[in-house]
Structure formats: C-alpha cells, structure tokens
Amino acid sequence: MLNRLRIKNFVLIEDLEIDFKNGLNVLTGETGAGKSILIDAISAVLGDKMTTDVIRTGFERATIEGDFDIGGIPNIKNVLDDAGIECDDDTLVLRRELYSSGKGRSFANSLQIPVSKLLEIGESLIDIHGQNEHQNISKVAKHREILDRFAGLETLVGEVGECYNDLFQIKEKIKSTEMNDAEKKRRVEYLSFAVDEIEKARLVLNEDEALKEEETILSNSEKIFSQINAANENLRGDGGVIARLKKIEQSLSSVAEIDANIAANLDSVRSALYSLEDSSVFFRDYQEKLNFSESRINEVEERLSLVQMMKKKYGNTINDVLQFAETSRNELNSINSSDEMREKLTDEYRKKVQITKVKALELSEKRTAAAQKLESLVMKELSDLNMQGTEFKISIKQEINPSGEIEMNNNIYMLYPHGLDKIEFLLSANSGELLQQLKKAASGGEMSRIMLALKTVLLSNDIVETLIFDEVDAGISGKTAEIVGQKLKALAKERQVLVITHLPQIAAMSDNHFSVSKEKSGDRTFTHIKNLSRDEKITEVARMLAGKEVTELSRKHAAEMVALSEKTTA
C-alpha cells in the first residue's frame, strides 16, 4: 500500500507531504483545486511519462517520492531482486526527478534505475482508473492474466509455457541438423581437408617458439663457434685462466695449514676453479654440437613456414589450430549422423506437440467456462452500478496460421507461451452498440465503474494492493452514488482505495478524508491538502451537499450520512 507521498515543485504544489492509510481514502475539493495533480504525481512516481511543463514555474527540478509497504505483494520481490534492489523491511521508496533541461532520474530504495524498470515495479503496486494512462484494465496484454487469475489457471498456464519452450528448443535443434545435399557436400569436403592437413602437419604445442630459437642460433652459428673457441682457448690453453688458477691453488695449499684465514680464502679459489672447469666442458660440448649444415637451416625455415601457414588458416596459435581440428572432427561426426538425429528429433517434436495440444485445449476449455462466469458476475455488478445498458464480453480467439503447431478441425493454430488463446475484454456502453475495445467504448467515468465492478468480482485474485478511482462518480447521483460508495467501502476492507469524488454520498463513506484547496499568495498560486478530522469531514460533506453556503440543515444531513456510514461499517 501507499504509505506516504512527497511532492516538490510539481505544477501548483510547492512542497507537500501526505500520509495515506488503509481503507477508503477520499479526496474532495472545488473543481480546479488540483485533485488531478495528485493522480498525475502518483502516476509519475509509478513510471508514467513526465514532461517539463509539470515543473513549477521558477524552479529547476520537480521531485515526487512514494513510500510503499510491499509486505502483501510477494511477487514484486522477484522484480526487485532481478534489478538488484535491496528491500529488507518490506518498505520500498520510489523517487522520480525531472529537470528543466528535460533530463530525469528514477530511484528505488536509493538505487538509480531506468524508467522502464520503475514502470514494471509500478504495475504491481497501484491500479489507477479514470482518464489516467496507468490502467492495467486498458492494456489488452493484461486481460489474459486477469482471466487466468480469476480461474486459478496459473499452474496450467505454466505447464503450457514449459511445453512451448521445449518445442522451441527441439525446433532449434532440428534447424541445426537441416542442410541441403550441396551444402553438406561442400562442408564435409572442407572439414575433411582441414582435418587431414592439420593431422599431416603433426604440430606440437609451442614448437614454433623452439624453431624460432633454433633458427636464430643457426643463422649465427659461425660467430658463436668463433667466440666460444676463443673463450675456450682463454680458459684451457697454455697460460689460460684455468692453468693459472691451478698454480694459485697449489701455492695457497702449501701455506693454508699455517694460517686459517688463508685456508678460508683457498675455498673460494677452488670454487672458482671448479666452476670454470665446468663451464669449459659445457663450451667444448656446445662447440662440438654446433651444426653448420645448410640443410638444417632450410628444414627449420620450411617448418616455421608451415606452422605460420597453419596458424593463418586455422587459428592464432598452435593450440587454436589443434582445437579447430578437434571441433571439425566433431562437426563431421554430427553431419554424418544428422539424418538419424533429425529423424529422432522430429519424432520427439511430434510427441511433444501432442502433449502440448492436450494441455492447451484443456486450458482453452477452462478459460471459456471461466469467461462466461466472469461475464455474468461483472454484468451483475454493472447492473448494480446503474449501467444496465452496458454489455461486457470476453473475446477468446485462436489464430489460424500454417506455421503454427497445433492442428485441429483441419486447421493449424498458433501456439503462444500462454496457450492458444488471444483474450480481450470488450464493451458496449449502450444497448444496440457494437462491442469495442474498453478504451474506445468507455469514458473515464464508465471505465472507473467497470473497473470497480471487475475489482469487486476479482478481489481475492488481485495482486495489486492499492486502487485509485478518478471520475468513478461521473454521470451518477442519488441511489446509484450511494451504491458506488458502498461498493468502494466494501472494496476498501480488503485493499487500500483512493477515490477522487464530487459526491457527498461517496465522501461520507471515507475512512480517511483529504480536502484539496487552491489559494493565491502574492503572485503565486498554491495547492494545499489537509487531512480532515471527523468534524471537518462533516463540514466538507455539508459543503458538497449545499454548495458554498453550509446551512445547519445541510450540516445535520451530512452528520447523519457520516454516522450512517460508520454504523454500516461497524
């Protein structure tokens, strides 16, 4: 439910905070006082379109914020979780900002979100019925959901949806196996050639790096041989470093026993000698292994050229080339077995279609029965609301299409994730008129009363906790107004209801009454809202009965109406 609404710099409202409560919240006031501004503000915080002309003159930004208790709306938690919006204490704060530049921002619990996500969240919070665009009842896509909830068909709809997804997956697999003979032949030839070429190359991981290193050494082998030969001569030749170190070692050995300090340093000389002898052996062996063969250089270069060609054709690295070969082998196996696989998948598809058909037809049958029941109940409610000439009808149709899935009565019908049916609520507002879409057939007031009738019937199946009715009293009076008030009061026992009304019969029913007024201060006009006490409510109802001049008689009549409403409620 909507707990609190804060509005800043929005049309005629400069700074306003309203606390709403459970039950029937009624807003009254003179025509033009600004009651519709509140509805526009609520619509905006739910994600409806905002334009810069709503920003109060002289200000750079309009801000609207709504605090909601979502404890009674479990399905909205999934929407919030998907968007990464934390909501630990069942409190959701939605905020909408619009700047004079035309830019705007939307927030949910301080997390900035796109307006599309705000709109998605808002659809589960409040239904607004009247001239406003934020009406689920006017959206054809919602009609099926309303009927399915009324009939308790959510589980069966889910089963049909699973079948639909299974069929889609199977069709995609069948498509992947479909290839004409010419395509298949070309693909097999290419893959076979590629696999054969890669296998013949006998590539080894990282061999290109080893080949490049060997190529560098072979290209510089003469220089390497010459320098190593010179180094070895200086190490092992007559008068070389090793011979001289041996003489040093012998000299120090003869006196090492005399002084321990000499012995300690003798170890360092010996270590250097042994290390240089090891190096001399390495360089000698290296020199012997050096290959000056031109043929080996050619072999290395040819091998490198082959590796580079493989990488250019099949991948950036040797590992990529080997992986391409493995993938190609798998695809060859798949192509070779595609006929068998396609036949198997086609058989699986046929069986799944039969299972789906049974469930989809069962769903259609139950929808048809539920539609007749819902039509009857709504028509009774409309009759109570003095709309006897109005006809409410639920259209259930299936689409014939050669590319569909479900065959019956010598036709093929389209299957959707929710079944075979296209469902739409239709209305004829006057006797003899053709049935039309709701938004075309009904005025704002009629739409509100139709929604009141629907909500009364669908109350136990409705997920939205807050209902707003604007113009629900348009074109009615007397006994009909009293009945509308009673139905709103009954609805408010189970849901939070906000009503804008000009009728005292409805206003007297309120649990919480707000008076909307407009006043001028200096050169500025302000809209104010006041939560009325019981005595103030009686005075406001008296004004609605008598006009500007509240008489003692009208006040007495108003007090009786309020008392009667309280007695009826009790």
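Structure's up top.
K.L.:
Sorry, what's going on with the overall build of the protein here?
P.N.:
Along its length, the protein carries 19 helices and 17 strands. The C-alpha atoms of the protein give 43 Å as radius of gyration, which overshoots the globular expectation for 570 residues (25 Å, by more than 25%). If you line up the protein on its principal axes, its C-alpha atoms span 140 × 80 × 45 Å. The 570 residues of the protein split such that 44% are buried. If you take every contact in the protein between residues at least 6 apart in sequence, the share linking residues at least 24 apart comes to 69%. Surface summary for the protein: the accessible area is close to 30,600 Å², and the carbon and sulfur share equals 48%. Charge centroids of the protein, computed over 76 positive and 96 negative side chains, lie 4 Å from each other.

K.L.:
Quick question: what am I supposed to make of the side chain of Asp 208 here?
P.N.:
With respect to the helices and strands, Asp 208 occurs in helix H7 (residues 207-219). Overall, Asp 208 belongs to the buried group, its relative accessible area being 8%. Setting aside residues no more than four positions away along its own chain, Asp 208 makes contact with Leu 304, Val 307, Lys 311 and Ile 318.

K.L.:
Looking at this structure, how should I read the pattern of salt bridges?
P.N.:
As a working rule, side chains carrying opposite charge can pair if their charged atoms are close by. Counted according to the given criterion, the structure contains 42 salt bridges. Residue Arg 144 is joined to Asp 148 by a salt bridge in which the shortest nitrogen-to-oxygen separation is 2.9 Å. Pair noted here: Arg 144 and Asp 148 are both in helix H4 (residues 140-151), with a separation of four residues, about one helical turn. For Arg 144, a relative accessible area of 16% translates into the label buried.

K.L.:
Any chance you could explain the layout of surface pockets here in plain terms?
P.N.:
Where empty space is left can be seen by rolling a probe of water-molecule size over the atoms. Size it by volume and the largest pocket reaches roughly 430 Å³. Elements represented by at least two residues in the lining of the largest pocket include exactly H4, helix H5 (154-177) and helix H15 (444-458). Ranked by residues supplied to the lining of the largest pocket, first place goes to H4 with six residues. For the lining of the largest pocket, the per-class residue count stands at eight nonpolar, four polar and 11 charged.

K.L.:
Just checking my understanding: could you explain the packing of H4 against helix H13 (residues 338-384) for this structure?
P.N.:
In a packed pair of helices, the relevant descriptors are the angle between the two axes and the axis-to-axis distance. Across the interface, H4 lies against H13 with an axial gap of 10 Å and an inter-helix angle of 95°. Regarding the angle of H4 to H13, the classification is roughly perpendicular. Counting all contacts with H4, which are made through Arg 144, Leu 147, Asp 148, Phe 150 and Ala 151, the residues of H13 involved are Arg 367, Ala 370, Ala 371, Lys 373, Leu 374 and Leu 377. For the contact of H4 with H13, a count of residues per class yields seven nonpolar, no polar and four charged.

K.L.:
Help me understand helix H11 (residues 294-314), please; the structure alone is not making it clear to me.
P.N.:
Along an α-helix, a turn takes 3.6 residues, which lines up residues three or four apart on a common side. The first and last C-alpha atoms of H11 sit 30 Å apart over 21 residues, in line with the 30 Å expected at 1.5 Å per residue. Every buried residue belonging to H11 is among Ile 297, Val 300, Leu 304, Val 307, Met 310, Lys 311 and Tyr 314, and all of these are buried. Considered in projection along H11, the buried side chains sweep an arc of 155° and stay on one side of the axis. Structural note: H11 exposes Glu 294, Glu 302 and Lys 312 on the side pointing more than 90 degrees away from its buried face.

K.L.:
Explanation requested: the packing of aromatic side chains in the structure shown.
P.N.:
Here a ring pair, both rings aromatic, is described through the centre-centre distance and the interplanar angle of the planes. Within this structure, the stated rule accounts for four aromatic pairs. Here the guanidinium or amino end of Arg 56 rests over the ring plane of Phe 526, the centre of that ring lying 4.6 Å away. One cation-aromatic arrangement involves Arg 95 over Phe 107; the distance from NZ or CZ to the ring centre is 4.1 Å.

K.L.:
In this structure, what is going on with the sheet that holds strand E3 (residues 24-28)? I would like to understand it.
P.N.:
Sheet strands pair via backbone hydrogen bonds, and the direction of the pair is either parallel or antiparallel. With respect to topology, six strands assemble into an open sheet ordered E8-E14-E15-E3-E16-E17, the strand pairing being mixed. Bordering the open sheet on either side are strand E8 (126-129) and strand E17 (524-531), each of which pairs with just one other strand. On average, each strand axis in the sheet is tilted by 15° relative to the strand beside it, whichever way the strands run. Relative to E17, strand E16 (residues 512-521) runs antiparallel, the two sharing eight bridges. Looking at the pairing, Ser 521 lines up with Arg 524 of E17. Each of E3, E16 and E17 touches helix H18 (residues 534-546); the most contacted strand, E16, lies at about 70° to it.

K.L.:
I would appreciate a short explanation of the packing of H7 against H11 in the present structure.
P.N.:
One way to put it is that H7 packs onto H11 with a least axis distance of 10 Å and a crossing angle of 150°. Considering how the two elements wind past one another, H7 and H11 form a crossing that is left-handed. Packed against H7, whose contacting residues are Glu 207, Asp 208, Leu 211, Lys 212, Glu 214, Glu 215 and Leu 218, the element H11 presents Arg 296, Ile 297, Val 300, Glu 301, Arg 303, Leu 304, Val 307 and Lys 311 at the interface. For the contact of H7 with H11, the class distribution of residues is six nonpolar, no polar and nine charged.

K.L.:
Honestly, a negative patch on the surface in this entry has me stumped. Any pointers?
P.N.:
On the surface, Asp 69, Glu 86, Asp 88 and Asp 89 cluster together into a negatively charged patch. Its place among the elements puts Glu 86 in the loop between helix H2 (76-82) and strand E5 (91-99). You can call Glu 86 exposed: its relative accessible area is 62%.

K.L.:
Just to check I follow, could you spell out the side chain of Arg 95 for this structure?
P.N.:
Mapped onto the fold, Arg 95 is located in strand E5. Looking at Arg 95, its side chain comes within polar contact range of the side chain of Glu 97, at 3.1 Å. Non-local contacts of Arg 95, meaning those with residues more than four positions away in its chain, are made with Val 45, Thr 63, Ile 64, Glu 65, Arg 105, Ser 106 and Phe 107.

K.L.:
Help me understand the sheet that holds strand E6 (residues 104-108), please; the structure alone is not making it clear to me.
P.N.:
Strand order in the open sheet made by the six strands is E2-E1-E4-E5-E6-E7, with antiparallel pairing throughout. Each having just a single partner strand, strand E2 (13-19) and strand E7 (111-113) make up the two edges of the open sheet. Shown here is a sheet whose adjacent strand axes are inclined to one another by a mean of 15°, direction ignored. For strand E1 (residues 2-10) and strand E4 (residues 61-69), the ladder comprises six bridges, and the chain directions are antiparallel. Looking at E4, one finds that Lys 8 is bridged to Thr 63. Where helix H1 (residues 35-45) meets the sheet, its contacts fall on E1, E2, E4 and E5, and the angle it forms with E1 comes to roughly 105°. Sitting on the sheet, helix H3 (residues 115-122) is in contact with E5, E6 and E7, with an inclination near 140° to E5.

K.L.:
It is not clear to me how the environment of Asp 53 should be interpreted in this structure. Could you clarify?
P.N.:
Looking at the secondary structure, you find Asp 53 in the loop between H1 and E4. Counting along the chain gives 49 residues from Asp 53 to Gly 102, while the straight-line C-alpha distance between them is 9.7 Å. Within the local environment of Asp 53, its side chain forms a polar contact with the side chain of Thr 51, the two groups lying 2.4 Å apart.

What counts, and where the lines are drawn
Residues numbered from 1 in each chain as written. Predicted model: local features only at pLDDT ≥ 70, side-chain atom pairs only at ≥ 80, totals over all residues. Heavy atoms only, no water. Helix = DSSP H or I, 4+ residues; strand = E, 2+ residues; numbered from the N terminus. Rg over C-alpha atoms; globule rule 2.2 N^0.38 Å. Buried < 20%, exposed > 50% of the residue type's maximum accessible area, 1.4 Å probe, protein only. Contact = heavy atoms within 4.5 Å. Areas by Shrake-Rupley, 256 points an atom, 1.4 Å probe, with all protein chains shown as cover. Lys, Arg positive; Asp, Glu negative; His and termini not counted. Charge placed at Lys NZ, Arg CZ, Asp CG, Glu CD. Salt bridge = Lys/Arg side-chain N within 4 Å of Asp/Glu carboxyl O. 1 Å grid on protein atoms, 1.4 Å probe; cavity = no way out; pocket = protein on both sides within 12 Å on 5 of 7 lines; lining within 4 Å. Points joined across faces, edges and corners; volume = space filled by probe spheres on them. Nonpolar A, V, L, I, M, F, W, Y, C, P; charged D, E, K, R; others polar. Axes fitted to C-alpha atoms, helices over the stretch in contact; angles between N-to-C directions. Parallel < 35°, antiparallel > 145°, perpendicular 65-115°, else oblique. Expected span 1.5 Å × (residues − 1). Arc of directions from axis to C-beta. Phe/Tyr/Trp six-rings, centres within 6.5 Å; stacked < 30°, edge-to-face > 60°. Lys NZ or Arg CZ within 6 Å of the ring centre and 35° of its normal. Pairing = 2+ DSSP bridges. Left-handed = near helix turned anticlockwise from the far one by under 90°. Patch = residues over 30% accessible without salt bridge, like charges linked within 9 Å, V, L, I, M, F, W, Y side chains within 5 Å. Polar contact = N/O pair within 3.5 Å; in protein donor to acceptor, adjacent residues only side chain to side chain.

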